[in-house]
Amino acid sequence: MALQGPEELGEQVEEPEDLDDQDASSISPAEEITLPSGPGGDEEPVEALLLPWDRFSAWLHCICVVGFDLELGQAVEVIYPHHSKLSEKEKTSICYLSFPDSNSGCLGDTQFCFRFRQGSNRKSSLGCFLETTDRDAPPCLKREQGHYYGYVYFRQVRDKSLKRGYFQKSLVLISKLPYVTFFHSLLKIMAPEYFEKQEPCLEAACNDIDRWPTPHPGRILTLPIMGVVIKVRIPTSYDKPGTSQLVQSAQSDSLVSIVLPTIHEVDLFRCFYPVFFHIQMLWELVLLGEALVVMAPSPAESSDTVLALVSCVSPLRYCSDFRPYFTIHDSEFKEYTTRTQAPPSVILGVTNPFFAKTLQHWPHIIRIGDMKQAGEMAKQMKVKKLKNLKTLDSKPGVYTAYKPYLNKDEEIIRQLQKGVQQKRPSAAQNAILRRYFLELTQSFIIPLERYVASLMPLQKSISPWKSPPQLRPFVQQDFMKTLEKAGPQLTSRLKGDWIGLYRHFLKSPNFDGWFRSRRREMTQKLEALHLEALCEEDLQQRVQKHTEVETVDLVLKLKDKLSQAERDQLPVRPGTLSKLQAHIEAVILSLPEDLQGILHKPPTP
């Protein structure tokens, strides 16, 4: 992830030019409009090569129906498409996580989401294609590697004809994509139809989804589903942070039923309302990857609050585990509740009162009341002591002994309080809070970005005939020295122990994940610049000075470079790869025919 810091990589190396807009052809009846994307390879993936169910798999792993059986309990009744594979462990996780806890008393329709570990190292046949579509996604919207999301529409209504007296069923979308707002909107269309018409409409919905274009960042898509058309835009990592390129309605949109302004953002203000005075401390806890548990009255409130916590450090990606809805039946229950070791770096959302006792030893507990009763501003301003948390009936608030590093920002509290008094629309309050978190995170990350950019070798040190230079190592002491003149005080009005916050952050999983990502990006940048330098050389003139053996060795190395560039999607200028291919061909043609035949053979896998 690279925020646009004032001294970004541009000082050391020239950025490659943006790709020209390219038409994205699709055989799907759904429309797609390509907006300018960021730097990339020579060509877009060809969607026309996709097989049946490939488009469906780009959005969803499968759709499950979970019902309640008097003898078996919760059970997966249907999986669509029928060829979808789930291990027994995954099915068990889906069963328990798809129903609200019996204490929640959710009558009617309830929507929430959960996240669970992928049970095996199953690899998608779309692996390479999905990596390409994922390349330009913002850090927080990249496809999950080892986890699935479950998006649930649960219905519980009285039915005297059934032995239990209630109809209880969940329609669940299983996906690797964290598009929470989009999938909840999709379920609002699909689930009521399914509960009325049963399986045939599920089959029809799956066929509709399999005709959608893939969720490629930067595109505006119109997606038909069961007679309704949804219009969305998939964000890219090149969008300016804090702006959403809203999908504009057009005259040709007469068939569009729903326009979604966002595919993933939750209402931060509504979620943080019950613990309103502690938003800045919660930001610190999430930034540092502290163990947090959210105790809420229902899975909807639990999952929304956990997702709000994870997104409050955006555009930084939260790199630890998080479970929007967690139950005592979860396969990680013992691992996460043991008292024999310190609580792990994870955010859990729970509703079962049993957790009030089981997780009593956790350092930070957030108790959320019923969000529907948010008429008055929360009056509880003090942080509560953990020993006061005995049951799930305890008052809403934050229970922790944590002392924040930064002084409290009274201005944002006043601004939002004023909004409540003046009945400012919720969307406006949400935008103010989201902007506040974004600016706070950027103020914190920009000094790190600036220092990491200084580790990049100068462009003049790149020689086409030597290996690309290495990045200099990250030295904590050197970074700390930069904070005196170029620290967060340049962009943030907040005072406090910023140095202490950085020291703590540098030991956290979030720093580790962020730095690995930046190092990978910068290493690829160096590889790309090295490739471009090679393309500018007159290879034929150079090989005239070499023996045949040395020339063959050069060809093999160049071919290896070319395949690596294609595999890793190196950020090279348009035309670089085809130019290198032409160079290789010219060098091969200068060799004797027997060697030409050998070098033209495709490599054995």
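Nothing here was measured: the structure is a model prediction, and the numbers come from that model.

**Student:** What is the right way to look at helix α18 (residues 576–589) in this model?
**Tutor:** For an α-helix, the turn length of 3.6 residues means that residues three or four places apart are oriented alike. Between its first and last C-alpha atoms α18 spans 20 Å; for 14 residues at 1.5 Å apiece the expected length is 20 Å, and the two agree. Buried residues of α18: Thr576, Leu577, Leu580, His583, Ile584, Val587 and Ile588, and no others. Buried residues of α18 fall within an arc of 135° about the axis and therefore sit on the same side. Residues of α18 that are buried sit in contact with α15 (509–535), α16 (539–543), α17 (548–568) and α19 (593–600).

**Student:** Which parts of the structure should I look at to understand the sheet that holds strand β14 (residues 397–400)?
**Tutor:** Sheet strands pair via backbone hydrogen bonds, and the direction of the pair is either parallel or antiparallel. On the basis of which strands lie adjacent, the open sheet formed by 5 strands has the order β11-β12-β10-β13-β14 and mixed pairing. In the strand order of this sheet, the two ends are held by β11 (321–323) and β14, each with one partner. Each neighbouring strand pair of the sheet contributes to a mean axis angle of 15°, computed without reference to strand direction. In terms of strand pairing, β11 meets strand β12 (residues 346–350) through 3 bridges, oriented parallel. Across the sheet, Phe322 pairs through a bridge with Ile347, a residue of β12. Across the sheet, helix α7 (residues 279–287) lies against β10 (292–295), β12, β13 (364–367) and β14, angled at about 50° from β14, the strand it touches most.

**Student:** Got a minute to help me understand the packing of aromatic side chains in this structure?
**Tutor:** For any pair of aromatic rings, the description consists of the separation of the ring centres together with the inter-plane angle of the planes. If you walk through the whole model with that rule in mind, you get 40 aromatic pairs. Measuring from centroid to centroid gives 5.3 Å for Phe112 and Tyr325, while their planes differ by 75°, and the two rings are edge-to-face. Residue Phe112 is located in strand β4 (residues 108–117), and its partner Tyr325 is located in the loop between β11 and α9 (333–337); the two are separated by 213 residues in the primary sequence. Residue Phe112 shares its accessibility class with Tyr325, and that shared class is buried. An aromatic cluster of at least three residues, connected via ring pairs, comprises Trp283, Phe444, Tyr451, Phe474, Phe479, Tyr502, Phe505, Phe511, Trp514 and Phe515. Across the ring face of Phe322, the terminal group of Arg115 is positioned such that the distance to the ring centre comes to 4.1 Å. Between Lys176 and the ring centre of Tyr148, over which it is positioned, the NZ or CZ distance is 4.7 Å.

**Student:** I tried to follow the pattern of salt bridges on my own but got confused; where do I start?
**Tutor:** Evaluated as defined, the whole model comprises 24 salt bridges. Linking Arg155 and Asp109 is a salt bridge whose minimum nitrogen-to-oxygen distance equals 2.8 Å. Highlighted residues: Arg155 in strand β5 (residues 147–158) and Asp109 in strand β4, separated in sequence by 46 residues. Judged by its relative accessible area of 38%, Asp109 is partly exposed. For Arg115, the salt bridge is made with Glu144, and the minimal N-O distance between the two is 3.1 Å. You can see Arg115 sitting in strand β4 and its partner Glu144 sitting in the loop between α3 (127–134) and β5, a full 29 residues away along the chain. Judged by relative accessible area, which is 4%, Arg115 ranks as buried. Residue class for Glu144 comes out buried when judged on its relative accessible area of 8%. Through salt bridges with shared partners, a single network forms among Arg115, Arg117, Glu144, Asp321, Arg323, Asp330, Glu332 and Glu335.

**Student:** Sorry, what's going on with the nonpolar core here?
**Tutor:** Here is a general trend for soluble globular proteins: nonpolar side chains tend to be buried in one another's company. Trp59, Phe182, Phe272 and Leu448 are the most contacted members of the largest nonpolar core, which totals 112 residues. Counting contributing residues, this core receives three or more from each of domain 1 (54–260) and domain 2 (266–519). In contact with Phe182, other than residues within four places in its own chain, are Trp59, Trp212, Leu223, Ile230, Val232, Leu260 and Ile263. Residues Leu534, Val552, Ile588 and Leu595 belong to the second largest nonpolar core, which totals 22 residues.

**Student:** When you look at the packing of helix α12 (residues 426–453) against helix α14 (residues 498–505) in this model, what are you seeing that I'm missing?
**Tutor:** Helices that pack against each other are described as a pair by the angle of their axes relative to one another and the distance between those axes. Direction vectors running N to C along α12 and α14 enclose 75°, while the axes themselves pass 12 Å from each other. Taken together, the axes of α12 and α14 are roughly perpendicular relative to one another. Of the residues in α14, those in contact with Leu440, Ser443, Phe444, Ile445, Pro447 and Leu448 of α12 are Trp498, Leu501, Tyr502 and Phe505. Looking at the contact of α12 with α14 residue by residue, the class counts come to 9 nonpolar, 1 polar and no charged.

**Student:** I keep staring at the pairing of strand β8 (residues 228–233) and nothing clicks. Help me out?
**Tutor:** Side chains on a regular strand alternate between the two faces of the sheet. Counting buried residues in β8 gives 6 out of 6 residues, a clear majority hidden from the surface. Here β8 shows a buried face lined by Val228, Ile230 and Val232 and a second buried face lined by Val229, Lys231 and Arg233. Pairing analysis gives 6 bridges linking strand β7 (residues 219–225) to β8, with the strands arranged antiparallel. For Ile225, the partnering residue across the bridge sits in β8 and is Val228. The hairpin formed by β7 and β8 contains 2 residues between the paired strands, and Met226 there has a positive phi angle of roughly 50°. Two elements, β8 and strand β9 (residues 258–259), share 2 bridges in a ladder whose sense is parallel. Residue Ile230 lies in a different strand from β9, and its bridge partner there is Ile258.

**Student:** Is there a simple way to think about unusual backbone geometry in this case?
**Tutor:** Comment: phi is negative for the bulk of residues other than glycine, and the bulk of peptide bonds are trans. The omega torsion across Tyr80 and Pro81 is -15°, close enough to zero to call that bond cis. Here Pro81 shows up in the loop between β3 (73–80) and α2 (88–97). A cis amide bond links Ser314 with the next residue in sequence, Pro315, at an omega value of 10°. Along the chain, the position of Pro315 falls in the loop between α8 (299–311) and β11. Residue Gln198 is not a glycine yet carries a positive backbone phi of 65°. Following the sequence through the fold, Gln198 ends up in the loop between α4 (180–197) and α5 (199–209). For Met226, which is not glycine, the phi torsion reads 50° and is therefore positive.

Cut-offs and rules
Going along each chain's sequence as written, the residues are numbered from 1 onward. Where totals are concerned, whole chains, interfaces and linings use all residues; where local detail is concerned, this predicted model gives features only for residues with pLDDT of at least 70, and gives and counts side-chain atom pairs only at 80 or more. Hydrogens and waters are ignored; side-chain quantities use all the structure's heavy atoms. By the criteria applied, helices consist of DSSP H or I runs no shorter than four residues and strands consist of E runs no shorter than two, each listed in order from the N terminus. Expected span, for any helix, means 1.5 Å times one less than how many residues it has. Three exposure classes are used, based on accessible area relative to the maximum for each residue type with a 1.4 Å probe and protein chains only: buried under 20%, partly exposed in between, and exposed over 50%. What the arc describes is the spread of directions from the helix axis to the C-beta atoms. Any two residues having at least one pair of non-hydrogen atoms within 4.5 Å are treated as being in contact. Pairing between strands requires that DSSP locate at least two bridges from one strand to the other. Helix axes are fitted only over the stretch in contact, all axes being lines through C-alpha atoms; the angle between N-to-C directions runs from 0 to 180 degrees. Stacked, tilted and edge-to-face are the three classes assigned to paired rings of Phe, Tyr and Trp, where Trp is represented by its six-membered ring and a pair needs centres within 6.5 Å; plane angles under 30 degrees give stacked, over 60 edge-to-face, the rest tilted. By definition here, charges over rings are those cases where NZ of Lys or CZ of Arg is within 6 Å of the ring centre and within 35 degrees of the ring normal. The rule for a salt bridge is simple: a side-chain nitrogen of Lys or Arg has to be within 4 Å of a carboxyl oxygen of Asp or Glu. Nine residue types can take part in a nonpolar core, namely buried Ala, Val, Leu, Ile, Met, Phe, Trp, Tyr and Cys, and a core is a set of them joined through side-chain atoms within 4.5 Å. What marks off one domain from the next here is an automatic or database domain assignment. Between 65 and 115 degrees an angle is taken as roughly perpendicular, under 35 as roughly parallel, over 145 as roughly antiparallel, and anywhere else as oblique. Throughout, the ten residues Ala, Val, Leu, Ile, Met, Phe, Trp, Tyr, Cys and Pro are labelled nonpolar, Asp, Glu, Lys and Arg are labelled charged, and all others, Gly among them, are labelled polar.

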